[in-house]
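Examination of the molecular architecture
Here's the letter readout for the chains.
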Amino acid sequence: MKAARIQAYGQPLVLQDIPIPAPRPGQVLVRVRGAGICRSDLHVLSGEIPILPRMPVTLGHENAGFVAAAGPGVTGVREGDAVAVCGGWGCGRCDYCVVGDDQLCATPSWAGLSACDGGYAEYLLVPNEKYLVRLHGLDPRGAAPLTDAALTPYRAIKRALPYFQPDHGVLVIGCGGLGQYGIKLLRILAGSPIIAVDLDPAKRQIAICLGAAHALDASDPETAARILELSGGGVAAAFDFVGSEATLALAAGSTRSGGKVTQVGLAGGEARLRVRESIRWEVAFEATLWGNVKELREVVALAESGLLTPIEVEYATLDRINEVCQRLERGEVKGRVVVTP
Ligand code: NAD
Ligand code: ZN
Ligand code: ZN
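So, here is what we can say about the structure in this document. (Residues numbered from 1 in each chain as written. Chains lettered and ligands numbered in written order. Predicted model: local features only at pLDDT ≥ 70, side-chain atom pairs only at ≥ 80, totals over all residues. Heavy atoms only, no water.)

Within the protein, the zinc ion (ligand 2) binds to Cys-38 (SG), His-61 (NE2) and Asp-148 (OD); these donor distances fall in the range 1.8 to 2.3 Å. Sequence spacing of the donor residues for the zinc ion (ligand 2), all on one chain, is C-x22-H-x86-D. Of the two residues, Cys-38 sits in the loop between strand E3 (28-36) and helix H1 (39-46) while Asp-148 sits in the loop between helix H3 (140-143) and helix H4 (151-160), which places them 110 residues apart along the sequence. Classification of Asp-148 by relative accessible area gives buried; the value is 5%. (Donors = N, O, S within 2.8 Å, 3.2 Å for Na, K, Ca; no water. Helix = DSSP H or I, 4+ residues; strand = E, 2+ residues; numbered from the N terminus. Buried < 20%, exposed > 50% of the residue type's maximum accessible area, 1.4 Å probe, protein only.)

Looking now at the pattern of salt bridges. Side-chain pairing between opposite charges can occur once the charged atoms of the two side chains come close. Within this structure, the stated rule accounts for 22 salt bridges. With a closest N to O distance of 3.0 Å, Arg-5 and Asp-117 form a salt bridge. Here Asp-117 lies in the loop between helix H2 (95-98) and strand E7 (123-126) and Arg-5 lies in strand E1 (residues 2-6), a separation of 112 residues in the sequence. Residue Arg-5 is classed as buried on the basis of its relative accessible area, which comes to 8%. Residue Lys-334 is joined to Glu-312 by a salt bridge in which the shortest nitrogen-to-oxygen separation is 3.6 Å. Of this pair, Lys-334 sits in the loop between helix H11 (321-329) and strand E16 (336-339) while Glu-312 is found in the loop between helix H10 (293-304) and strand E15 (313-316), placing the two residues 22 residues apart along the sequence. (Salt bridge = Lys/Arg side-chain N within 4 Å of Asp/Glu carboxyl O.)

This next bit is on the coordination of the zinc ion (ligand 3). Every protein donor of the zinc ion (ligand 3) is accounted for by Cys-91 (SG), Cys-94 (SG), Cys-97 (SG) and Cys-105 (SG), and the metal-donor separations fall at 2.3 to 2.4 Å. For the zinc ion (ligand 3), the four donor atoms in the first shell make angles of 105 to 116° at the metal, so the coordination geometry reads as tetrahedral. Between the donor residues of the zinc ion (ligand 3), the gaps in sequence give the motif C-x2-C-x2-C-x7-C. Separated by 11 residues along the polypeptide, Cys-94 in the loop between strand E6 (82-85) and H2 and Cys-105 in the loop between H2 and E7 bring together distant segments of the chain. (Tetrahedral: all angles 85-135°; square planar, octahedral: opposite > 155°, others 65-115°.)

Moving on to H11. Considered for burial, the residues of H11 that qualify are Ile-321, Val-324, Cys-325, Arg-327 and Leu-328. Projection of H11 onto a plane perpendicular to its axis shows the buried side chains occupying an angular sector of 160°, all on one side. Directly after H11, the chain includes Gly-331, whose backbone phi takes a positive value near 80°. (Arc of directions from axis to C-beta.)

Here's what the structure looks like:
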């Protein structure tokens, strides 16, 4: 089968012919119909996040498709079932895995972000059927982004819900794939007015279309003051889908006492809370990671009910993957690109 594999950091992906894996007991082979391209792939490809224990490895951690073959002992899915794949695979035994937060596993084996091959290939070997969420009405091609672009903000927002105050608004920094789903999910899960921030005017326009009350320019020196003014002295919750030094400072500086700053973006910035100077107290900070299988079930349910509608998706064949990665790098992707192997 064809697979887009990383050979070395800083090099483009290489299309290789590799054997189709055979599912062993408990494993499931999925015919990939959609594999979303996430900015985390760019961080890994460039070597900024050098987490791969071996190369070559097939990238692609945002996957959905059809069950092609089930290994002995698999009882929950059958050949032909449409499934979304929760990619945060774990050891199954550590403290995190036993409570279902496999994505936090002490020795993770994340799809396409570890020694385990991901979904930029015709087939994906899933280590356990528990990582599959059945799709009943959704086309797996379009559903792939639910497994990361939607799942990650879903977990981040759910964990911040106790901090929300509808009279003080929430902040969303970075309105790309994750940020756009973040805005949609905030509209569904919370009533708070949304202030969006992005460098790109096109993304700000999308944020307004998705229901943000305001969309501010990250490069405008007045933006920090404007957020405080619009939120009556600070937002109750800030979500940073960029994670640079500047955006983390904006998130922390925009959050009122008793609020919460959530870092999702992995641009490499350091978060600083300067309590004494900022006179904001009891602000919580958390960097959230992806989402678990139960949360993916909830996201899929929201999508199947029609409440959570897709962001703009563009489809590309596997042989165009490097070109698409470059376009994502340059900020030319409106929502998400899904590769269709
Ligand atoms: P994306 O490229 O689709 O979106 C990024 C957006 O941020 C773009 O709209 C861009 O214009 C905007 N932006 C860039 N710099 C900015 C700045 N300084 N101020 C304001 N806006 C700015 O990326 P994505 O796929 O949505 O991923 C977003 C981030 O989340 C990446 O760093 C990715 O690695 C990370 N991520 C983290 C997790 C997790 O579990 N924590 C999961 C998935 C992705
Ligand atoms: Zn991702
Ligand atoms: Zn584990």
